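Per-entry structural report
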Amino acid sequence: MLRGPCRLFRVSVAPVAALAVALVSSLSRCSLLEPEDRVVSPLSPYFGTKTRYEDANPGLLPDPEAPRRDPQLLEETCIPVQLVALIRHGTRYPTTKQIRKLRQLHGLLQARGPGDDRIRAAGGGDLGAVLANWPLWYADWMDGQLVEKGRQDMRQLALRLASLFPVLFSRENCGRLQLVTSSKHRCVDSGAAFLQGLWQHYHPGLPPPDVADMECGPPRINDKLMRFFDHCEKFLTQVERNATALYHVEAFKTGPEMQNILKKVAGILQVPVNNLNADLIQVAFFTCSFDLAIKGVKSPWCDVFDIDDAKVLEYLNDLKQYWKRGYGYTINSQSSCTLFQDIFQHLDKAVEQKQSQDHIANLLTQLGYIKLKCNKLPLHRPLPPCRLGKLQGF
Ligand SMILES: *[C@@H]1O[C@H](CO)[C@@H](O)[C@H](O)[C@H]1NC(C)=O
């Protein structure tokens, strides 16, 4: 599960520092699937961080490499000075913990008694039997690693960003780009894939070399910045090492809403309700999302739940994020998050630099004005810098 942003990406543009941030991914342009053949599930909006990028941002579907510009931004009125991208990793496998729970659930289904055949004979459509025969293709080694789709997510994101900010991503600025990542394998791999996307932008048609040999790479690992929560004393004391920090989450897992789902699912799968618990149900729910995101298939796990169940499971996940990430303990203020401090410091510095450069440029322009006026030449005045607080969904 994601604990924090994975990578920070910075580009500097001469003579102004520039920094970039983003979050996205997409479907292959050369996919053989026509849009109407796309496999979808009505549960998708309830998967939280496990929602497919293209479900969260359907604008990616027609062309995952084409940039889409917010008409309010980057018009003639301002120029991009700095771009900071806080990028989540691309699509990944489930963790070993999730895979083990899924295996446990699969084991329960396969151990069901012979009485179940009655339902099939009655034409009831035995979802339990379908699931028992549905291949469990997740293995322990996969442990949350980036999948090929995730690499593609990142390459396409890089291509979109490079086309969206051509000045910042000019070839000469490549050396000023800074990619900072956490040490998590899926994050490091996402960083490498992002650089491959940029390589594709700069050298269309050429196969990318090893990231270590790229002019822009390789990503720098900085856990102190990217896993800042591991270094926050307040978070460690009040949440990480606090046995009762997740009290409300545990209470919800055994509460009436969850009990209803347990009973319902036990009935559908024809397994004893006592063998099920909220964690197993949640992993079954996420398996629908993993199969959709990783393989593009709608597994029978999606048919186990309806929208009302999905709302309860979404709430469970939100509740966990709320208490586990420290929001419930008001320790997410700007003062406690070194990552955001870092981002704002860089933005402020870039604006400052830009302003002092503009000041000099203005003086020079004024001097030039006197000279140019005589020649009746048009003047080019530098545009003011603008601060892009929040860019989403590009
Ligand atoms: C641990 O969590 C509980 C439940 O939210 C909270 O009341 C308590 O203050 C926390 N303990 C510490 C040491 O922060």
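The numbers attached to residues start from 1 for each chain and follow its sequence in the written order. Side-chain atom pairs in this predicted model are given and counted only at pLDDT of 80 or more, local residue features only at pLDDT of at least 70, and totals for whole chains, interfaces and linings cover all residues. With hydrogens and water excluded, all non-hydrogen atoms of the structure serve as input to the side-chain values.

The name an unreviewed UniProt entry assigns to the protein is Multiple inositol polyphosphate phosphatase 1, from the organism Monodon monoceros. UniProt positions are given in the numbering used here, feature names are shortened, and annotations may be inferred rather than shown by experiment. Per UniProt, the protein carries the Sequence similarities (unreviewed entry) text "Belongs to the histidine acid phosphatase family. MINPP1 subfamily." Regarding the protein, the relevant UniProt record gives this comment under Subcellular location (unreviewed entry): "Cell membrane".

Comments concerning the overall build of the protein
Working definition: helices are DSSP H or I runs of at least four residues, strands are E runs of at least two. Numbering for both runs from the N terminus. Summing up its helical and strand segments, the protein has 13 helices and six strands in all. Among the 394 residues that make up the protein, the fraction classed as buried is 47%. In this description, contact between two residues means that some pair of their heavy atoms is separated by no more than 4.5 Å. Counting contacts in the protein only where the partners sit at least 6 residues apart, residues at least 24 apart contribute 81% of the total. The Shrake-Rupley method, run with a 1.4 Å probe, gives the accessible areas here. Residue values count only the displayed protein chains as cover. Carbon and sulfur atoms make up 55% of the accessible area of the protein, which totals about 19900 Å². Burial status follows relative accessibility: with a 1.4 Å probe on protein chains alone, a residue under 20% of its type maximum counts as buried, one over 50% as exposed, and anything between as partly exposed.

Description of the site of the ligand
If even one non-hydrogen atom of a residue comes within 4 Å of a molecule or strand, that residue is called near it. Gln238, Asn242, Thr244, Ala245 and Tyr329 make up every residue found near the ligand. Between N or O atoms, a polar contact is any pair within 3.5 Å; within protein, one atom must be a potential hydrogen donor and the other a potential acceptor, and residues adjacent in sequence are included only when both atoms are from side chains. Within the side chain of Asn242, an N or O atom sits 2.4 Å from an oxygen atom of the ligand. Interatomic distance of 3.4 Å between a side-chain N/O atom of Thr244 and an oxygen atom of the ligand. Protein contact buries 51% of the 360 Å² of open area that the ligand shows by itself.

Some details on helix α5 (residues 148-164)
Multiplying one less than the number of residues by 1.5 Å gives the expected span of a helix. The first and last C-alpha atoms of α5 sit 24 Å apart over 17 residues, in line with the 24 Å expected at 1.5 Å per residue. For α5, the buried fraction is high: 13 of the 17 residues fall into the buried class.

Topic: the state of the cysteines
We call a pair of cysteine sulfur atoms a disulfide when they lie within 2.5 Å. Inspection of the entire model under this criterion finds one disulfide. Sulfur-sulfur distance for the disulfide between Cys288 and Cys302 comes to 2.1 Å. As the torsion about the S-S bond is roughly 100 degrees, the Cys288-Cys302 disulfide counts as right-handed. Taken together, the positions of Cys288 in helix α11 (residues 278-295) and Cys302 in the loop between α11 and α12 (307-324) put the pair 14 residues apart, joining distant regions of the chain. With respect to burial, Cys288 and Cys302 carry one shared label: buried.

Some thoughts on the packing of helix α10 (residues 256-269) against α12
Lines fitted to C-alpha atoms define the axes here, with helix axes fitted over just the stretch in contact, and angles between the N-to-C directions of these axes take values from 0 to 180 degrees. The geometry of α10 relative to α12 is characterised by a closest axis approach of 10 Å and an angle of 130 degrees between their N-to-C directions. When the axes of α10 and α12 are compared, the pair comes out oblique. At the point where α10 passes α12, the crossing takes the left-handed sense. Residues Glu257, Met258, Ile261 and Lys264 of α10 form the contact with α12, whose own contacting residues are Asp309, Val312, Leu313 and Leu316. Here the contact of α10 with α12 is composed, by residue class, of five nonpolar, no polar and three charged. Roughly parallel refers to an angle under 35 degrees, roughly antiparallel to one over 145, roughly perpendicular to one between 65 and 115, and oblique to any angle outside these ranges. Here is the rule for handedness: rotate from the far helix to the near one, and if that takes an anticlockwise turn smaller than a right angle the crossing is left-handed, while a clockwise turn gives right-handed. When residue character is reported, Ala, Val, Leu, Ile, Met, Phe, Trp, Tyr, Cys and Pro are called nonpolar, Asp, Glu, Lys and Arg charged, and the others, Gly included, polar.

A word on the pattern of salt bridges
Whenever Lys or Arg places a side-chain nitrogen within 4 Å of a carboxyl oxygen from Asp or Glu, that contact is recorded as a salt bridge. Summed over all chains, the structure comprises 16 salt bridges. Asp55 serves as the salt-bridge partner of Arg38, at 3.0 Å between the closest nitrogen and oxygen. Residue Arg38 is found in the loop between β1 (7-10) and α1 (53-56), and its partner Asp55 is found in helix α1; the two are separated by 17 residues along the sequence. Its salt-bridge partner being Asp140, residue Arg103 comes within 3.1 Å of it at the nearest N-O pair.

What about the environment of Ser41?
Tracing the backbone shows Ser41 in the loop between β1 and α1. Judged by its relative accessible area of 7%, Ser41 is buried. Separated by 248 residues in the primary sequence, Ser41 and Ser289 have C-alpha atoms spaced 8.6 Å apart. Not counting chain neighbours up to four residues away, the residues in contact with Ser41 comprise Cys288, Leu292, Lys298 and Cys302.

Structural notes on the pairing of strand β4 (residues 178-181)
In the sheet, β4 pairs with strand β5 (residues 220-221) via two bridges, with the strands oriented parallel. Bridge assignment links Val180 to a residue of β5, and that residue is Arg220. Assignment of crossover handedness uses the view with strands pointing away from the viewer, where a clockwise path from the first strand over the helix to the second indicates a right-handed crossover. Once the chain exits β4 it traverses helix α6 (residues 185-202) before rejoining the sheet at β5, and the crossover so formed is right-handed. For two strands to be treated as a pair, DSSP must find no fewer than two bridges joining them.

Structural notes on the confidence of the model for the protein
Per residue, pLDDT captures the predictor's confidence, and it can take any value from 0 to 100. For the protein, the mean per-residue pLDDT works out to 80, and 75% of the residues sit at or above 70. The lowest-confidence element of the protein is strand β6 (residues 385-386), averaging 40 in pLDDT; the highest-confidence one is helix α9 (residues 247-253), averaging 97. Within the model, pLDDT remains below 50 along residues 12-34, and this stretch shows 97 contacts once partners closer than five positions in the same chain are excluded.

Re helix α8 (residues 233-240)
When α8 is considered as a whole, its buried residues turn out to be Phe235, Leu236 and Val239. One side of α8 carries all its buried residues, which in axial view fall inside an arc of 105 degrees. Buried residues belonging to α8 abut α12. This arc corresponds to the set of directions leading from the helix axis out to the C-beta atoms.

Considering the environment of Thr91
Relative to the assigned elements, Thr91 resides in the loop between β3 (84-87) and α2 (96-110). With sequence-adjacent residues up to four places away left out, Thr91 is seen in contact with Tyr53, Leu146, Val147, Lys149, Gly150, Asp153, Ala293 and Ile294. Only 2.7 Å separates the side chain of Thr91 from the side chain of Asp153, close enough to count as a polar contact.

Remarks on the side chain of Arg186
As for its placement among the helices and strands, Arg186 is situated in helix α6. Within the buried core, Arg186 has no salt-bridge partner, and the shortest N-O distance to an opposite charge, that of Asp143, equals 6.1 Å. Here the side chain of Arg186 touches Gly144 through a polar contact of 2.9 Å, landing on its backbone oxygen. For the purpose of charge, His is not counted, nor are the chain termini; Lys and Arg are scored as positive and Asp and Glu as negative.

Things to note about unusual backbone geometry
Although it is not a glycine, Gln270 adopts a positive phi angle of roughly 60 degrees. Relative to the helices and strands, Gln270 is located in the loop between α10 and α11. Owing to a relative accessible area of 33%, Gln270 belongs among the partly exposed residues under this scheme.

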